[in-house]
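So you can see what is in the structure, the chains are spelled out below.
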Amino acid sequence: MESRVGSALQKYLLLWFIIAVARCVSAQGCRSQYEDLIKEFCLAKFSLDMQELDQSQWCSWEDTAELYEDLTNCTYQVANKMSCYWPNRMVDEFFIQIHRLYFHDCSMTGRRLRDPPNRILGPFIVVPILVTLLMTALVVWRSKRSEGIV
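Residues numbered from 1 in each chain as written. Predicted model: local features only at pLDDT ≥ 70, side-chain atom pairs only at ≥ 80, totals over all residues. Heavy atoms only, no water.

For the protein chain, an unreviewed UniProt entry supplies the name Receptor activity-modifying protein 1 and the organism Cyprinodon variegatus. The UniProt entry for the protein chain carries the following text under Subunit (unreviewed entry): "Heterodimer of CALCRL and RAMP1; the interaction induces allosteric modulation of CALCRL function and CGRP1/CALCA and CGRP2/CALCB ligand specificity. Heterodimer of CALCR and RAMP1; interaction forms the AMYR1 receptor complex for amylin/IAPP and CGRP1/CALCA ligands." The record in UniProt for the protein chain states the following under Subcellular location (unreviewed entry): "Cell membrane". (UniProt positions renumbered as here; feature names shortened; annotations may be inferred.)

Encoded structure:
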């Protein structure tokens, strides 16, 4: 009985190993063709679109968001048509190159979270303090007026 279970387990593990190897081989088969296609189609269009923008606008997310989204969708569509996995290491490396080419001078200013202005932040601080003081005063006042309570 144990040999049958062990044999079945070995066959099961062998099957999973074969499936994993086949997936790795198919993903590697996409490598050079996929890389060439995303450079030919996606990068070429993105480069033209970025050249139409003034270089001072490259760091403005409002100006580049649509172009960046189109680039992302392009890499996805090419991978989908080629039956390649997406996202994958090639896509990651591709976007790292894009950032090195176009966004390397962009600072983080304008993208960091900041406190809201005092005219907005003030009421969120003052109102809870006043409500707390009012409730405390109400409890003290009510506790001193115990003559009419049964």
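Here the narrative resumes, following the displayed structure.
We now examine the overall build of the protein chain. Counting its secondary structure elements, the protein chain contains 4 helices and 0 strands. Secondary structure of the protein chain in N-to-C order comes out as α-α-α-α. By residue count, 19% of the 150 residues in the protein chain fall in the buried class. By sequence separation, contacts in the protein chain at least 24 residues apart represent 70% of the contacts at least 6 residues apart. (Helix = DSSP H or I, 4+ residues; strand = E, 2+ residues; numbered from the N terminus. Buried < 20%, exposed > 50% of the residue type's maximum accessible area, 1.4 Å probe, protein only. Contact = heavy atoms within 4.5 Å.)

A separate point is the state of the cysteines. In this structure the tally under the stated criterion is 1 disulfide. Paired by a disulfide, Cys42 and Cys74 hold their sulfur atoms 2.0 Å apart. Every disulfide takes its handedness from the sign of the S-S torsion; for Cys42 and Cys74 that torsion is -85°, giving left-handed. Separated by 32 residues along the polypeptide, Cys42 in helix 1 (residues 2-52) and Cys74 in helix 2 (residues 61-81) bring together distant segments of the chain. The class of Cys42 is buried, set by a relative accessible area of 2%. A relative accessible area of 21% means that Cys74 is categorised as partly exposed. (Disulfide = S-S within 2.5 Å.)

Look at helix 2 against helix 3 (residues 89-102): their axes get within 11 Å of each other, and the N-to-C directions meet at 155°. Classified by the angle between their axes, helix 2 and helix 3 sit roughly antiparallel to one another. Taken as a pair, helix 2 and helix 3 cross one another with a handedness that is right-handed. Side by side, helix 2 and helix 3 meet where Tyr68, Leu71, Thr72 and Thr75 of the first sit next to Val91, Phe94, Phe95, Ile98 and His99 of the second. For the contact of helix 2 with helix 3, a count of residues per class yields 6 nonpolar, 3 polar and no charged. (Axes fitted to C-alpha atoms, helices over the stretch in contact; angles between N-to-C directions. Parallel < 35°, antiparallel > 145°, perpendicular 65-115°, else oblique. Left-handed = near helix turned anticlockwise from the far one by under 90°. Nonpolar A, V, L, I, M, F, W, Y, C, P; charged D, E, K, R; others polar.)

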